[in-house]
Each structure stands twice: as C-alpha cells, then as structure tokens.
Amino acid sequence: MGVIVSTTRRNRVGRHIADQVAELATGDDADVRLTDLAEVALPFLDEPDMPARGNYVWDTTKEWARWVVEPHRSEIEAGFAALQAALRSGRD
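Cut-offs applied
- Positions within a chain are numbered from 1, following the residues in the order the chain's sequence is written.
- In keeping with the model being predicted, local features are shown solely for residues with a pLDDT of at least 70 and side-chain atom pairs are shown and tallied solely at 80 or more, while totals for entire chains, interfaces and linings include all residues.
- To get the side-chain values, take all heavy atoms of the structure and skip hydrogens and water.
- Helix and strand definitions follow DSSP, with helices as H or I runs of at least four residues and strands as E runs of at least two, each counted in order from the N terminus.
- Multiply 1.5 Å by the residue count of a helix minus one, and that product is the helix's expected span.
- Per-residue accessibility, obtained with a 1.4 Å probe over protein chains only, is compared with the maximum for each type, and a residue is labelled buried under 20%, exposed over 50%, and partly exposed between these values.
- The arc in question is the one spanned by the directions pointing from the helix axis to the C-beta atoms.
- Any pair of residues with heavy atoms lying within 4.5 Å of one another is described as a contacting pair.
- With a 1 Å grid spanning the protein atoms alone, the term cavity applies to any set of points in which a 1.4 Å probe fits but cannot get out, the term pocket to an open set with protein on both sides within 12 Å along at least five of seven lines, and the term lining residue to any residue with an atom within 4 Å of a point.
- Grid points are joined across faces, edges and corners, and a volume is the space filled by probe spheres set on the points.
- Amino acid classes used here: Ala, Val, Leu, Ile, Met, Phe, Trp, Tyr, Cys and Pro are nonpolar; Asp, Glu, Lys and Arg are charged; the rest, including Gly, are polar.
- Definition used for salt bridges: Asp or Glu carboxyl oxygen within 4 Å of a side-chain nitrogen of Lys or Arg.

A.B. asks: Could you clarify how one ought to interpret helix H1 (residues 14-27) in this entry?
C.D. replies: Two residues of an α-helix separated by three or four positions point the same way, owing to the 3.6 residues in each turn. Look at H1: 20 Å from first C-alpha to last across 14 residues, which is about the 20 Å you get at 1.5 Å a residue. Of the positions making up H1, those classed as buried are Gly14, Ala18, Ala22 and Ala25. The buried residues of H1 occupy an angular sector of 70 degrees when projected down its axis, which confines them to one face. Residues of H1 that are exposed and point over 90 degrees away from its buried face: Glu23, Leu24 and Gly27. Its buried side turned inward, H1 meets strand S1 (2-5), strand S2 (33-36) and strand S3 (80-83).

In structure tokens form, the structure reads like this:
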C-alpha cells in the first residue's frame, strides 16, 4: 500500500497523520510505502504536454510515473491513500 502526503507546507499536519496511517496499516501485516511530496524532487506543472498523455520530457516526471504505475503492473501495491489538506483558517 502506498501512503502519499500531498501537502508540502512547513507547518502541516499531514505528515504526522500519514505516519499514523502507515503504522496502522503495517500492523495489519501490510507492506507500506510512505511518500512525502515535500521530499520528492518533482516540479509540478513543468511538462510541456498534457500529463494524461504520458509523453514526459523530464527525468523527475518519468521517475514519478514509474513509481505510481509500475507497482500496479506487478501487483505489489494494493492501493494508495493520498492525504490531502482540508484548509480551514489557513492550516492543513
């Protein structure tokens, strides 16, 4: 199972929650892979073509696409949990 932290702000709660989700899932003997987008060198909206087409130019995008797609082909990942911020009062 992949756990993705999508918030990238410094004062965020998402990483703490993701750590707890990963720990709970690991307790069920699940193979968990945590990815924090704040730690991934992936420049957003940087590709010249529409991302859905898969015509990636940059190595960082190609690596991210492999990370997301390859596990599904080999059935290593059973699914993903993406943690997003619910912005209230400017906090996530």
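A.B. asks: Which parts of the structure should I look at to understand the layout of surface pockets?
C.D. replies: Rolled over the atoms, a probe as big as a water molecule pinpoints where empty space is left. In this structure, the largest pocket occupies an estimated 260 Å³ of space. Along the walls of the largest pocket sit 14 residues, with Leu45, Glu47, Pro51, Tyr56 and Thr61 positioned nearest its centre. Residues belonging to the lining of the largest pocket are distributed by class as follows: ten nonpolar, one polar and three charged.

A.B. asks: I tried to follow the pattern of salt bridges on my own but got confused; where do I start?
C.D. replies: Opposite charge on two side chains allows them to pair when their charged atoms are near. Under the defined criterion, the tally for this structure stands at five salt bridges. The partner of arginine 15 in a salt bridge is aspartate 19, with the nearest N and O atoms 3.0 Å apart. Remark: aspartate 19 and arginine 15 occur in helix H1; sequence separation between them is four residues, near one turn of the helix. The partly exposed category is assigned to arginine 15, whose relative accessible area is 25%. The residue arginine 53 makes a salt bridge to aspartate 49 at a minimum N-O spacing of 2.9 Å. Here arginine 53 falls in the exposed class, since its relative accessible area comes to 53%. Connected via shared salt-bridge partners are Arg12, Arg15, Asp19, Asp36 and Glu39.

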